[in-house]
Amino acid sequence: MATRPEPILTIDPKHRVIEGVASDGKTIWISSVLDRKILACRSSCRTIASLPPGLHPFAIALDARTRTLWIAADCPPGVPAIRPCRRGALVALDLRSGRVRMQLAPASPSFHPGDVSVLGTRIFASDSQNGAVYVLDRNSRDLRPLFKSGIGKSGQGIALDASGKRLVVADYSQGITTVDLATGERTILHKSDGRSQRGIDGLLRCGSTYYGIYNGEPEGALLAMSPGRSDLHVEKVAELKDPTQLTYDGKRMLLVAGSGWAELDKPDSERVTGATILAVPAPGDCRTQ
């Protein structure tokens, strides 16, 4: 794989924080957090939807079969310029009409979805505040937990292994974890030095390798990770500035860099350069999940 991501799109700097990215190989969809907008981009970008006041779009995932964009919409505590609330929502946006098809939340008293993935016929969402992971069948409205909340700390990217029996979940504060879908058993994986790989945001599987966006420090990176039953091998693929999410568009991996999160604590500074979408050639065993 090429280790030098190439820029293919720059987002207007008026969109101060860019988080999520999804693509069908023709259109690239982007979530703009602070102004609550979903953008559709080709040679340029246009707004196709605005979320209701109080909900901000974080990670997004495409269900190509139903032409639905799933949005982890939240109002988490501790984020400048966002008024906190107790419950966010998993939002289904109809890409044909640009209208919200569904807005869901589990029965739990609080819900702060930070990431969402469409994996086969199921949609998975992770909670950024307590580490819970929820699952939704495509034709259902029942967003149910896979395991008891509070076991994890900060759920982020989600991928399904090749067997379809195990989730790999990035918990930002605990590390890369696996979840047995039959039993709900959760395991934290450790590297050869005994430490876990914390600070992973977006996550994507290509064959037996998982690609993760590391942004636990100002200088982030694209990492390649190979999980075992309880161990994890990690290699750095490329260095990235202020990255967040990644997706596979059928040929390439697309990454968000220069998202604007690093500048969010400087509200009076004027942003001159917008976020960049970078492309990295994907391995041959990468598939749309």
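Located above this text is the structure these notes cover.
Residues numbered from 1 in each chain as written. Predicted model: local features only at pLDDT ≥ 70, side-chain atom pairs only at ≥ 80, totals over all residues. Heavy atoms only, no water.

S.K.: Looking at this model, I keep getting lost on the state of the cysteines. Mind explaining?
M.R.: Two cysteines form a disulfide when their sulfur atoms are joined by a covalent bond. Under the counting rule described, the total for this entry stands at three disulfides. Across the disulfide, Cys-41 is cross-linked to Cys-45 (sulfur-sulfur distance 2.1 Å). Across the S-S bond of Cys-41 and Cys-45 the torsion is about 110°, and the bridge reads as right-handed. We classify Cys-41 as buried; its relative accessible area is 1%. Among the residues examined, Cys-45 registers a relative accessible area of 31% and is labelled partly exposed. Residue pairing for Cys-75: its cysteine sulfur links by disulfide to Cys-85, the two sulfurs lying 1.6 Å apart. Linking Cys-75 in the loop between β7 (68–74) and β8 (89–94) with Cys-85 in the loop between β7 and β8, this pair joins segments that are ten residues apart in sequence. Looking at Cys-85, the relative accessible area reads 28%, which means it is partly exposed. (Disulfide = S-S within 2.5 Å. Buried < 20%, exposed > 50% of the residue type's maximum accessible area, 1.4 Å probe, protein only. Helix = DSSP H or I, 4+ residues; strand = E, 2+ residues; numbered from the N terminus.)

S.K.: Would you mind going over the layout of surface pockets with me for this structure?
M.R.: The gaps left among the atoms become clear once a water-sized probe is rolled over them. Roughly 830 Å³ of internal volume is contained in the largest pocket. Forming the boundary of the largest pocket are 33 residues, of which Tyr-172, Asp-201, Asn-215, Thr-244 and Trp-261 lie nearest the centre. The set of elements that each furnish at least two residues to the lining of the largest pocket consists of β10 (113–119) and β24 (276–281). Taken together, the residues of the lining of the largest pocket sort by class into twelve nonpolar, twelve polar and nine charged. Of the volumes computed, that of the second largest pocket is approximately 520 Å³. Taken together, the elements giving at least two residues each to the lining of the second largest pocket come down to β2 (18–23), β6 (56–63), β10, β14 (155–160), β18 (200–206) and β22 (246–248). Counting residues per element, the lining of the second largest pocket draws most heavily on β10, at five residues. (1 Å grid on protein atoms, 1.4 Å probe; cavity = no way out; pocket = protein on both sides within 12 Å on 5 of 7 lines; lining within 4 Å. Points joined across faces, edges and corners; volume = space filled by probe spheres on them. Nonpolar A, V, L, I, M, F, W, Y, C, P; charged D, E, K, R; others polar.)

S.K.: Help me understand the sheet that holds strand β20 (residues 219–227) in this model?
M.R.: Where strands meet in a sheet, backbone hydrogen bonds hold them as pairs that are either parallel or antiparallel. Here we have four strands laid out as an open sheet, ordered β18-β19-β20-β21, and antiparallel in their pairing. Unpaired on one side and paired on the other, β18 and β21 (232–241) mark the two borders of the sheet. Here the strands of the sheet are splayed against their neighbours by 20° on average, with no regard to which way each runs. As judged from the five bridges shared by β18 and strand β19 (residues 209–214), these two strands associate in the antiparallel manner. (Pairing = 2+ DSSP bridges. Axes fitted to C-alpha atoms, helices over the stretch in contact; angles between N-to-C directions.)

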